[in-house]
Structure formats: structure tokens, C-alpha cells
2 protein chains.
Amino acid sequence: MALKEKTNSETCGVTACMKVLDGKWKPIILFNISKGANRFTKLLVAVEGINRQMLSKQLKQLEKSGILERTTFAEIPPRVEYAITPLGKTLLPVVLAMKRWGDKQTGANKVKTPPKDKFLQQAQLFD
Amino acid sequence: MALKEKTNSETCGVTACMKVLDGKWKPIILFNISKGANRFTKLLVAVEGINRQMLSKQLKQLEKSGILERTTFAEIPPRVEYAITPLGKTLLPVVLAMKRWGDKQTGANKVKTPPKDKFLQQAQLFD
DNA sequence: CGGTATCCTCAAAGATACTG
DNA sequence: CAGTATCTTTGAGGATACCG
């Protein structure tokens, strides 16, 4: 969605954040990686509705922003793993806040997600 | 963006939240209303870079989603006020999380203003 | 003051096919 | 397995003008 730079675009931190999370997919991708979907094909399945080249593009953008790190293993078959960088981890509270909101509205996950994701827990800003 | 519905799109709450905050402007609009910019022209100024019909469109979408409430006062000159609904207030933690992240990355509130879009580079912000 | 009504552009999103 | 390469579509975002 364009988010082009404007000389005044750093007026508010919200805009800066929007810039990094720009688009339809990045938050949900980030969320899924944080849940352990750290490989391309895993993400392709986990992020329902996305396709290869869209996933590829989003991952690249996240990499470029310093949110993700990509590691290639020269094996046969080739293996690539994605990891959330320290900077990326600082973004998880935002993603988590989104998830909690969405879950609440849809009435999803009454049973609350199994606490596999340790570093997500720091997400409460204020109730 | 598009965020069209898919039968599986409610897989995760994150998606539901993205749907409501869809686009470039909604979080920053919401933030500004929460800060007291509750009128059209105020928002036009506060949300730098936006124009009339874009603001109008975004406000309508937020209204339709139940995030905002619009009140018209039949005066001369006409007055319209926007308020965040209870549902909308539950969204503020998300917006706030965004703002806090963005402020941190840009070093806002610390006089350190314009490294343009270079805030992406500083990967290590915390030890 | 607080909007609409048009029209246009360009990049995001998607479909399809191919590759190291 | 993990992508690229193209091409097409779609609609968000923007410019300009007008209105109750």
C-alpha cells in the first residue's frame, strides 16, 4: 500500500511501525515464525492464503528491514531457515497485541495458546 | 492490501486485526483521535500527508467497523465529531504498541529526529 | 466546515510457469 | 526444497473540482 516516504513521515512512531509492517502479510508471517514456522514451506502452509512469490517478497522485505535473518544450509535438498532478529523481537508485542485483539473479537482460542512462545509473553501494554 | 475475505482468513486473530486496521492510515488516525483530534479538519492537519477524501474514506471504514462513532451537530457552520467507541478503545493497545515501537526506533522524544529512513539499520537496540 | 464526485496512476497482490 | 520470472488485475491512494 504504498507507504512512500514523505519528508514528514516520521511525525509519529506509528507511521514508522506501519512502514516496517507494511502490507497485508508481514504481521501474520512474523507471528507464525515466532510460533516455530521457520522454513519457507512451513510458512507457506501456516500463512493461509499466501503464495510462493508473495511470501518470498515479504520475507525479503522483512530481511531488509532487519526484522528477519535468513540462513541457508548448503545441503541436498537445500534448507533455509528464518529467524527473528533482536530487532524483530521488539516488534512481537505489536503482533501479539494484534493477535489478542483479533482472537477476542472472533471469540477464537478460548483455550488460549499453549505457551510455547516464551518471548511473546511480554506483550501486555496495559490490559 | 485488499484483505479480501477468504474462508480461512480467520485462522489467526492477527488477520482479523489487520482487516480492521487495513491500509496506510487507520492506526495513525486512531492514534490522533485518541489524542483529541476529534474533528475532520483537526485530523486533516494532525495526520500529515493525508487529504480530504482519503481521510473521509478511512473514517467511513472505521465507522463501519464499529471503531469510530460519528456525531453530527446541525449548526452553522456544521460540526462533526468523531469518537472512539468502546470497541475502538480495545484497539488502542495495538496502536500504542506500534507507537512505542516506532518512537523507540526513531529515537523520538529524544530530540534525535531525522535519520530519514535509516532507522531500519540499527539492528541492536538492546543488549 | 465537512465533506462528494470524478478521474488517474502506480504498486500491491495474484496467477502461472519455470529453476538450481 | 526454496525459490524466480513474467504477466495481469485490482484497488488503495492521490489530484482536482464542486457542494450543502
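Remember, it's a predicted structure, so these values are computed and weren't measured experimentally.

Quick word on the overall build of chain A
The secondary structure content of chain A amounts to six helices and two strands. In chain A, the succession of α and β elements from N to C terminus is α-α-α-α-β-β-α-α. Relative to its full complement of 127 residues, chain A shows a buried share of 46%. Counting contacts in chain A only where the partners sit at least 6 residues apart, residues at least 24 apart contribute 47% of the total.

Here we look at the confidence of the model for chain A
Residue and element names in this part refer to chain A. Of all residues in chain A, 76% attain a pLDDT of 70 or more, and the chain-wide mean is 81. Put simply, helix α1 (residues 13-20) is where chain A has its lowest mean pLDDT, 90, and helix α5 (residues 86-89) is where it has its highest, 96. Within the model, the stretch residues 1-10 combines pLDDT values under 50 with 18 contacts to residues more than four positions away or in other chains. In this model residues 112-127 is a low-confidence stretch, pLDDT under 50, and it forms 21 contacts with partners more than four residues away in sequence or in other chains.

Remarks on the packing of helix α2 (residues 26-34) of chain A against helix α6 (residues 92-106) of chain A
Residue and element names in this part refer to chain A. Relative orientation of the contacting elements α2 and α6 amounts to 100°, with a least axis distance of 10 Å. Viewed along their axes, α2 and α6 adopt a mutual orientation that is roughly perpendicular. Residue-level inspection shows P27, L30, F31 and S34 of α2 in contact with α6, the latter providing L92, V95, L96, M98 and K99. Broken down by class, the residue content of the contact of α2 with α6 amounts to seven nonpolar, one polar and one charged.

Considerations on the pairing of strand β2 (residues 79-84) of chain A
Residues and elements named next belong to chain A. Where burial is concerned, the two faces of β2 differ: the one with V80, Y82 and I84 is buried and the one with R79, E81 and A83 is not. In terms of strand pairing, strand β1 (residues 68-73) meets β2 through six bridges, oriented antiparallel. Bridge pairing in β2 links T71 to E81. Taking the residues between adjacent antiparallel strands as the criterion, β1 and β2 are bridged by five residues.

Description of the packing of α6 of chain A against helix α1 (residues 13-20) of chain B
Taken N-terminus to C-terminus, the directions of α6 of chain A and α1 of chain B make an angle of 90°; their axes are 6 Å apart at the nearest point. If you check the angle between α6 of chain A and α1 of chain B, you find them roughly perpendicular. Between α6 of chain A, through V95, M98, K99, W101, G102, D103 and T106 of chain A, and α1 of chain B, the contact on the second element is made entirely by G13, V14, A16, C17, M18 and V20 of chain B. When the residues that make up the contact of α6 of chain A with α1 of chain B are grouped by side-chain class, the tally is eight nonpolar, three polar and two charged.

A short note on helix α4 (residues 52-64) of chain A
Residues and elements named next belong to chain A. For α4, with 13 residues, the first-to-last C-alpha span of 18 Å sits near the 18 Å given by 1.5 Å per residue. Among the residues of α4, L55, Q58, L59 and L62 are the ones counted as buried. Buried residues along α4 cover an arc of 100° about the axis, so they all sit on one side. Opposite its buried face, α4 presents the exposed residues K60 and K64, each directed more than 90 degrees away. The inward-facing, buried residues of α4 abut α1, α2, α3 (40-46), β1 and β2. With its phi angle positive at about 85°, G66 sits one or two positions after the end of α4.

Conventions adopted
Residues numbered from 1 in each chain as written. Chains lettered and ligands numbered in written order. Predicted model: local features only at pLDDT ≥ 70, side-chain atom pairs only at ≥ 80, totals over all residues. Heavy atoms only, no water. Helix = DSSP H or I, 4+ residues; strand = E, 2+ residues; numbered from the N terminus. Buried < 20%, exposed > 50% of the residue type's maximum accessible area, 1.4 Å probe, protein only. Contact = heavy atoms within 4.5 Å. pLDDT = per-residue confidence, 0-100. Axes fitted to C-alpha atoms, helices over the stretch in contact; angles between N-to-C directions. Parallel < 35°, antiparallel > 145°, perpendicular 65-115°, else oblique. Nonpolar A, V, L, I, M, F, W, Y, C, P; charged D, E, K, R; others polar. Pairing = 2+ DSSP bridges. Expected span 1.5 Å × (residues − 1). Arc of directions from axis to C-beta.

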